[in-house]
Amino acid sequence: MVGWSVRELPAEILDDVARVVGAEVTLLGRLPGGLDLGAMRVQLAGRADAVLKAVPRAQRHPHQLDEWLRAQRVVAHMRRRGYPTPVWLGVGATATHVWHLMDFVDAAPVPQLTPSLVEQLMEIIELQAGQASEPYDHWSYAWRLATGQEFGEDLAPSLSRAVAGLSGYSSVVSALVERLRLSCADVPPPRESPDMVHSDLNPSNVLVRDGAVVAVVDVGNAGSGTRATDLIDLVWQTFQDPLDGVRRQLWRRILDLVGWEGAAVLAATKILVSLEFPIRHGWHDVVTGLVKRGHRALDELNAFR
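All of these numbers come straight from a predicted model, not from anything done at the bench.

**Student:** I would appreciate a short explanation of the packing of aromatic side chains in the present structure.
**Tutor:** The geometry of two aromatic rings is summed up by the distance between their centres and the angle between their planes. Under the defined criterion, the tally for this structure stands at two aromatic pairs. Arranged with centres 6.4 Å apart and planes meeting at 80°, the rings of W236 and F239 form a pair that is edge-to-face. Classification of F239 by relative accessible area gives buried; the value is 11%. Against the face of Y136 rests R70, its NZ or CZ located 3.5 Å from the ring centre. In this structure, R305 is placed above the aromatic ring of W260, and the distance from its NZ or CZ to the ring centre is 3.8 Å.

Right under this line is the structure:
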């Protein structure tokens, strides 16, 4: 537990977890990564270890409890269909925090994607086909974000507002945003959202053991849409050798699912969100590289047109 103190976690969270799951909870240590309090490995009396995540109640995420209750339902639904994600053991809230508890998986996050891992993830994403179970529509949201539509009561209004202001960051960012808007200008809204969508399929949320994917975690923002959303997440992670070949496989599968216009909307959304996060946090040194990757993604997509 180097660099981590038990005092960082309010005692009332552990009390609430114990009340909900019906077992005494003992902290074992903090797991790598995560925001806020991060993910903590805990031991449940008489049971296997589990992972506890807690985030402060905040204006930025006023509906966090409802979102995690939704995610718990998505997990239960997808596990019945063989989707490799750990069971959520409980969700709850105190006066100051919202938390969820899931089974611990003895495996490590992906250190670096390989063609084999990407192909395994493509197969896992196919399990999401036709499995939309919650009216939390990432597909329609992506269309509104990419085309600059009024956001109103959106999935993430604060993110929509931040993305709308990206052009003011710099001339190079403005030029990329304008190119994205032009690519999506005439795309009609999606007519259906049939699939389960993870919506954050990056290497830190993929657990592997001996070269095999054993779990996909962090499904807190899961909902409905097109599974091509998660394939675009993989495209964004594969702009380096030796992944060029498997990236072409990803593009072809995305185009098969949603066509060129749909792919343009999903790619634009991924690029815009990927720019917004570091700009919001002041990580200015990474922006130039992200802009270059965004143009490269559009160039590759245009080559399929």
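**Student:** It is not clear to me how the sheet that holds strand β1 (residues 25–30) should be interpreted in this structure. Could you clarify?
**Tutor:** Sheet strands pair by backbone hydrogen bonding; their relative direction is either parallel or antiparallel. Pairing within the open sheet is antiparallel, and its five strands lie in the order β1-β2-β3-β5-β4. Whereas interior strands pair on both sides, the edge strands pair on one side only; in this sheet they are β1 and β4 (88–93). On average, each strand axis in the sheet is tilted by 25° relative to the strand beside it, whichever way the strands run. The pairing of strand β3 (residues 49–56) with strand β5 (residues 97–103) spans seven bridges and is classified as antiparallel.

**Student:** How do you make sense of empty space enclosed by the protein when you look at a structure like this?
**Tutor:** The probe, sized like a water molecule, is rolled over the atoms to show the empty space still left. Counted by the stated rule, this structure contains one cavity of 30 Å³ or more. If you add up the space inside the largest cavity, you get close to 30 Å³. Contributing to the lining of the largest cavity are I232, V235, W236, W251, A267, K270, I271 and A297. Elements with a minimum of two residues in the lining of the largest cavity: α7 (228–236) and α8 (244–280). A total of four residues in the lining of the largest cavity trace back to one element, the largest contributor, which is α8.

**Student:** Help me understand the pattern of salt bridges, please; the structure alone is not making it clear to me.
**Tutor:** Oppositely charged side chains may form a pair once their charged atoms are brought near each other. Tallied over the entire structure, the rule returns 14 salt bridges. The residue R19 makes a salt bridge to D16 at a minimum N-O spacing of 2.8 Å. Pair noted here: R19 and D16 are both in helix α1 (residues 11–21), with a separation of three residues, about one helical turn. The exposure class of R19 is exposed, given its relative accessible area of 59%. The buried category is assigned to D16, whose relative accessible area is 10%. For R247, the salt bridge identified is with E300, shortest N-O distance 2.7 Å. Residue R247 is found in helix α8, and its partner E300 is found in helix α9 (residues 287–303); the two are separated by 53 residues along the sequence. Sharing partners across several salt bridges, the network here consists of E126, D195, R227 and R253.

Reading guide: rules and limits
- The written sequence of each chain sets the order in which its residues are numbered from 1.
- Predicted model: local features are reported for residues with pLDDT of at least 70 only, side-chain atom pairs are reported and counted for 80 or more only, and whole-chain, interface and lining totals are derived from all residues.
- In computing side-chain values, all of the structure's heavy atoms are included and hydrogens and water are not.
- Only Phe, Tyr and Trp rings are paired, with Trp represented by its six-membered ring, and only when their centres lie within 6.5 Å; those with planes under 30 degrees apart are stacked, over 60 edge-to-face, the remainder tilted.
- Burial here depends on accessible area, computed with a 1.4 Å probe over protein chains only, as a share of the maximum for the residue type. Under 20% is buried, over 50% is exposed, and the range in between is partly exposed.
- By the criterion adopted, a ring carries a charge over it if an Arg CZ or a Lys NZ lies within 6 Å of its centre and within 35 degrees of its normal.
- Between any two strands, at least two bridges found by DSSP are needed for them to pair.
- To qualify as a helix, a DSSP run of H or I must reach at least 4 residues; to qualify as a strand, a run of E must reach at least 2; elements of each kind are numbered from the N terminus.
- Angles shown run from 0 to 180 degrees and are taken between the N-to-C directions of axes, each axis being a line fitted to C-alpha atoms and, for helices, limited to the stretch in contact.
- With a 1 Å grid spanning the protein atoms alone, the term cavity applies to any set of points in which a 1.4 Å probe fits but cannot get out, the term pocket to an open set with protein on both sides within 12 Å along at least five of seven lines, and the term lining residue to any residue with an atom within 4 Å of a point.
- Grid points are joined across faces, edges and corners, and a volume is the space filled by probe spheres set on the points.
- What counts as a salt bridge is simple: a side-chain nitrogen of Lys or Arg found within 4 Å of a carboxyl oxygen of Asp or Glu.

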